[in-house]
Amino acid sequence: MDMDAFFASVEILRRPELKGKPVVIGGTGDPNRRGVVSTASYEARKFGVHSAMPLRTALKLCPACVFLPVDYNEYSRISMKIKKILFEISPLMEDVGIDEAYLDISALPEPPEETARLIKERVFRGTGLTCSVGIAPNKLLAKMASDLQKPDGLTFIGFEDVEKLIWPMGVRKLHGVGPKTEIYLKEAGLNTIGDIAAKSLEWLQEQLGKSYGQYLFEASRGIHESPIITEWNPKSISREETFELDVADWQQVARSLASLMRDVAGSMRESGYEAKTVTVKIRFEDFDTLTRARTLPAETDELDILRKAAFECLGRIELKKRVRLVGVRVMGLKPKNGAEGKQMPSPCSKDAR
Ligand SMILES: [Mg+2]
């Protein structure tokens, strides 16, 4: 299950006047400032706007777009609702981000198409948002299926469909193929997933290493054995801010850190977690990056204690150069009320792409 343009859809839901308009969510919501697109509505995508694109580029492509800031707290809150709905349908759920999850529905009595419709209906009834569902024999194919008919899609892929549906896709559509591998594969004349599948195992392993070559050989045939990981506790919650202009003023860095910490603490309380460790990250103008961590005597979700720990970390970083980015992360998370928190899948900090 993958939510459709999640951040944008949440914003449009609470601002109905934006319905049908090109909407871009990213950074502070000011397209003249540094920052990237988190999510673009489908109307904005028609202008060529997409995730991870600088906001300034998005503004050039689509001057009529409505730009809004990222409101993680609200998206997390709705994500929790969605994960709860999914968890009630099948507790064999893998939470893979704020806007998507894998469900093992093989043991349910209903036929898969009925379960898929139930998921879509309950998510819509519970949140007012649409999602896309992909049904397949494994996670690799299910993810690709969920992408095929967005938005509000419902797509089945069986092993018998791999040749027709998957092989014509560009190599980048295969999970695990990043921009670097894409360039490498294209230079070797491999443009589609079918091109990969046409190569021998030996060739792929020789070119790309033993285990990655093996992975590509199998994945290009739709073979993927990775199980559903029912890990409900998030490992960490984090926020970071890239400054519009590199900052030399310690006060400004501290103010930003305090506000990020407030966001993280809010998110922790929202999802019912306490943390044991606080980590602060500073990236300087030359991309030199330092992190400092502080482990607390006991888990907490108290903002004062967390903020104090964050400032201690910051105090251990010498600010000799201008600062480009400040980030804070809490780790060692534990559900606050024991069983209740454990049952509640929590959104992690992954961006909704
Ligand atoms: Mg997604």
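In the block above lies the structure referred to throughout.
Predicted model, so just to flag it, every value in this text is computed and none were measured.

How each quantity is defined
Residues numbered from 1 in each chain as written. Predicted model: local features only at pLDDT ≥ 70, side-chain atom pairs only at ≥ 80, totals over all residues. Heavy atoms only, no water. Phe/Tyr/Trp six-rings, centres within 6.5 Å; stacked < 30°, edge-to-face > 60°. Helix = DSSP H or I, 4+ residues; strand = E, 2+ residues; numbered from the N terminus. Buried < 20%, exposed > 50% of the residue type's maximum accessible area, 1.4 Å probe, protein only. Lys NZ or Arg CZ within 6 Å of the ring centre and 35° of its normal. Salt bridge = Lys/Arg side-chain N within 4 Å of Asp/Glu carboxyl O. Pairing = 2+ DSSP bridges. Contact = heavy atoms within 4.5 Å. Axes fitted to C-alpha atoms, helices over the stretch in contact; angles between N-to-C directions. Polar contact = N/O pair within 3.5 Å; in protein donor to acceptor, adjacent residues only side chain to side chain. Donors = N, O, S within 2.8 Å, 3.2 Å for Na, K, Ca; no water.

**Student:** When you look at the packing of aromatic side chains in this model, what are you seeing that I'm missing?
**Tutor:** The geometry of two aromatic rings is summed up by the distance between their centres and the angle between their planes. Under the counting rule described, the total for this entry stands at five aromatic pairs. With a centroid separation of 6.0 Å and 80° between ring planes, the pair formed by Phe7 and Tyr72 is classed as edge-to-face. Within this pair, whereas Phe7 is found in helix α1 (residues 6-14), its partner Tyr72 is found in helix α4 (residues 72-89), the two being separated by 65 residues in sequence. Here the two residues Phe7 and Tyr72 agree in accessibility, since each one is buried. Ring pairs connect the aromatic residues Phe6, Phe7, Tyr72 and Tyr75, which therefore count as one cluster. Arg45 extends its terminal NZ or CZ atom over the ring of Tyr42, reaching a point 4.4 Å from the ring centre. Here the guanidinium or amino end of Arg221 rests over the ring plane of Phe217, the centre of that ring lying 3.8 Å away.

**Student:** Could you clarify how one ought to interpret the pattern of salt bridges in this entry?
**Tutor:** It is possible for side chains bearing opposite charge to pair when their charged atoms get close. Scanning the entire structure with this criterion turns up 23 salt bridges. Of the charged contacts, one joins Lys83 and Asp95 as a salt bridge, the two residues approaching to 2.6 Å between their closest N and O atoms. In this pair, Lys83 is assigned in helix α4 and Asp95 in strand β5 (residues 93-95), connecting sequence segments twelve residues apart. Lys83 gets classed as buried once you look at its relative accessible area, which sits at 0%. Of the residues examined, Asp95 reaches a relative accessible area of 15% and is grouped as buried. Two residues, Arg307 and Asp304, come together in a salt bridge whose shortest N-O distance is 2.8 Å. Pair noted here: Arg307 and Asp304 are both in helix α13 (residues 303-315), with a separation of three residues, about one helical turn. Under the relative-accessibility criterion, Arg307 is labelled partly exposed at 24%.

**Student:** Would you explain the sheet that holds strand β7 (residues 131-135) in this entry?
**Tutor:** Strand pairing in a sheet relies on backbone hydrogen bonds, with the paired strands running either antiparallel or parallel. Spatially, three strands are ordered β1-β7-β8 in an open sheet, and the strand pairing comes out mixed. Each having just a single partner strand, β1 (2-3) and β8 (154-156) make up the two edges of the open sheet. Two elements, β1 and β7, share two bridges in a ladder whose sense is antiparallel. Within β7, the residue paired with Asp2 across the bridge is Ser132. Its contacts with the sheet place helix α5 (residues 112-127) against β1, β7 and β8, and it is angled at close to 165° to β7.

**Student:** Sorry, what's going on with the environment of Gln149 here?
**Tutor:** Considering the arrangement of structural elements, one finds Gln149 in the loop between α6 (139-148) and β8. In contact with Gln149, other than residues within four places in its own chain, are Ser132, Leu154 and Thr155. A distance of 3.5 Å separates a polar side-chain atom of Gln149 from the backbone oxygen of Leu154. A polar side-chain atom of Gln149 sits 2.9 Å from a polar atom in the side chain of Thr155.

**Student:** Whenever I open this one, the coordination of the magnesium ion confuses me. Can you help?
**Tutor:** Ideal geometry at a metal centre gives angles of 109.5 degrees when four donors are arranged tetrahedrally and 90 or 180 degrees when six donors are arranged octahedrally. Protein coordination at the magnesium ion: the donors are Asp2 (OD), Asp99 (OD) and Glu100 (OE), at 2.3 to 2.7 Å from the metal. In primary sequence terms, the donor set of the magnesium ion follows D-x96-D-E. Assessed through its relative accessible area of 3%, Asp99 is described here as buried. Residue Glu100 is classed as buried on the basis of its relative accessible area of 10%.

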